[in-house]
Amino acid sequence: KQEVTQIPAALSVPEGENLVLNCSFTDSAIYNLQWFRQDPGKGLTSLLLIQSSQREQTSGRLNASLDKSSGRSTLYIAASQPGDSATYLCAVSFINTGTASKLTFGTGTRLQVTL
Amino acid sequence: DTGVSQNPRHKITKRGQNVTFRCDPISEHNRLYWYRQTLGQGPEFLTYFQNEAQLEKSRLLSDRFSAERPKGSFSTLEIQRTEQGDSAMYLCASSPTLGPDTQYFGPGTRLTVL
């Protein structure tokens, strides 16, 4: 069974710190991996998409890496700000689930950036 | 067009009633997805459309659930004889046929079954 795990479940850091969120997945046969942000009671906002053939993607203060062989991805957030406070979800498109379009999500890391 | 829209945003119903949700995807997107998210969990895949064709359904989608996309544009998700366990956020997403397959999510419909 393909599963996605995110550690830690919650994280609190002071403003300005750099931080790393972790995502692991059980099957290395993937199409891609995506990181999303979700604010309380809201929908998901796509942050970064890493294709299977890529090692990393960057957008502003965010950098996501992918290591298929070890089944791991990290989301690095530089110089954190209070506005970064949200739940961050990792989602994987596994090859062996029948469709490239089906995403399997982790349970998320709830991030709080304090002043 | 500013993104995926979903209506209603909130729905409170009594157990046993039928409910229907609507999703309007980004206009040029051919793919449309439904997910369900319960508190503290990540979204779980329910079903997926390519244009008007429903190509995959999760085992989570019991016989009480039905989804349609009759003209390949908007989609509806109906839940018959609702149960308290159906209480969740129902999320819709869309993506273009070509491209990196990034899925764009709507704001969701929060269902509460009393």
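Preceding this section is the structure that the text describes.
Residues numbered from 1 in each chain as written. Chains lettered and ligands numbered in written order. Predicted model: local features only at pLDDT ≥ 70, side-chain atom pairs only at ≥ 80, totals over all residues. Heavy atoms only, no water.

### Side note on the nonpolar core
All names here are of chain A.
- Within the largest apolar cluster, 23 residues are counted, with the highest numbers of intra-cluster contacts made by Phe-25, Leu-33, Trp-35 and Leu-75.
- Put simply, the parts of the chain that give this core at least two residues each are strand E3 (19-25), strand E4 (30-38), strand E5 (44-51), strand E7 (62-67), strand E8 (72-77), strand E9 (86-94) and strand E11 (109-114).
- Sorting elements by how many residues they give to this core places E9 first, with five residues. (Core = buried A, V, L, I, M, F, W, Y, C linked by side-chain atoms within 4.5 Å. Buried < 20%, exposed > 50% of the residue type's maximum accessible area, 1.4 Å probe, protein only. Helix = DSSP H or I, 4+ residues; strand = E, 2+ residues; numbered from the N terminus.)

### Re the interface of chain B and chain A
- The interface is formed by 20 residues belonging to chain B together with 22 residues belonging to chain A.
- Between chain B and chain A, a total of about 1500 Å² is buried, with carbon and sulfur atoms accounting for 53% of that surface.
- Counting across the interface, chain B meets chain A through zero salt bridges.
- The interface formed by chain B and chain A holds two residue pairs in polar contact (both at pLDDT 80 or more) in total. (Contact = heavy atoms within 4.5 Å. Buried area = accessible area lost by both parts, 1.4 Å probe. Salt bridge = Lys/Arg side-chain N within 4 Å of Asp/Glu carboxyl O. Polar contact = N/O pair within 3.5 Å; in protein donor to acceptor, adjacent residues only side chain to side chain.)

### Remarks on the side chain of B:Arg36
Residues and elements named next belong to chain B.
- Within the element layout of this structure, Arg-36 appears in strand E4 (residues 31-37).
- Although Arg-36 is buried, it makes no salt bridge; Asp-86 carries the closest opposite charge, 4.4 Å away.
- Leave out the neighbours within four places in its chain, and Arg-36 touches Gly-42, Pro-43, Glu-44, Leu-46, Leu-60, Phe-65, Asp-86, Ala-88, Met-89 and Tyr-90. (Lys, Arg positive; Asp, Glu negative; His and termini not counted.)

### Section: the sheet that holds E7(A)
Residues and elements named next belong to chain A.
- Here we have five strands laid out as an open sheet, ordered E1-E3-E8-E7-E6, and antiparallel in their pairing. Every other strand in the sheet has two partners, leaving strand E1 (4-7) and strand E6 (56-59) as the edge strands with one partner each. Adjacent strand axes in the sheet meet at a mean angle of 15°, parallel and antiparallel pairs treated alike.
- Inspection of the sheet shows E7 paired to E8 by six bridges, in the antiparallel sense. By the bridge assignment for E8, Leu-66 is matched with Ser-73. (Pairing = 2+ DSSP bridges. Axes fitted to C-alpha atoms, helices over the stretch in contact; angles between N-to-C directions.)

### Brief notes about the packing of aromatic side chains
- Under the definition given, this model contains eight aromatic pairs over all chains.
- With a centroid separation of 5.6 Å and an interplanar angle of 40°, the aromatic rings of A:Phe36 and A:Phe105 are classed as tilted. With A:Phe36 in strand E4 and A:Phe105 in strand E10 (residues 104-105), the pair connects residues that are 69 residues apart, well separated along the chain.
- Judged by relative accessible area, A:Phe36 falls into the buried class, the value being 0%.
- Note on A:Phe105 and B:Phe105: the rings are 6.2 Å apart at their centroids and 80° apart in plane angle, and the pair reads as edge-to-face. In this pair, A:Phe105 sits in strand E10 while B:Phe105 sits in strand E10 (residues 104-105), so the two residues belong to two different chains. (Phe/Tyr/Trp six-rings, centres within 6.5 Å; stacked < 30°, edge-to-face > 60°.)

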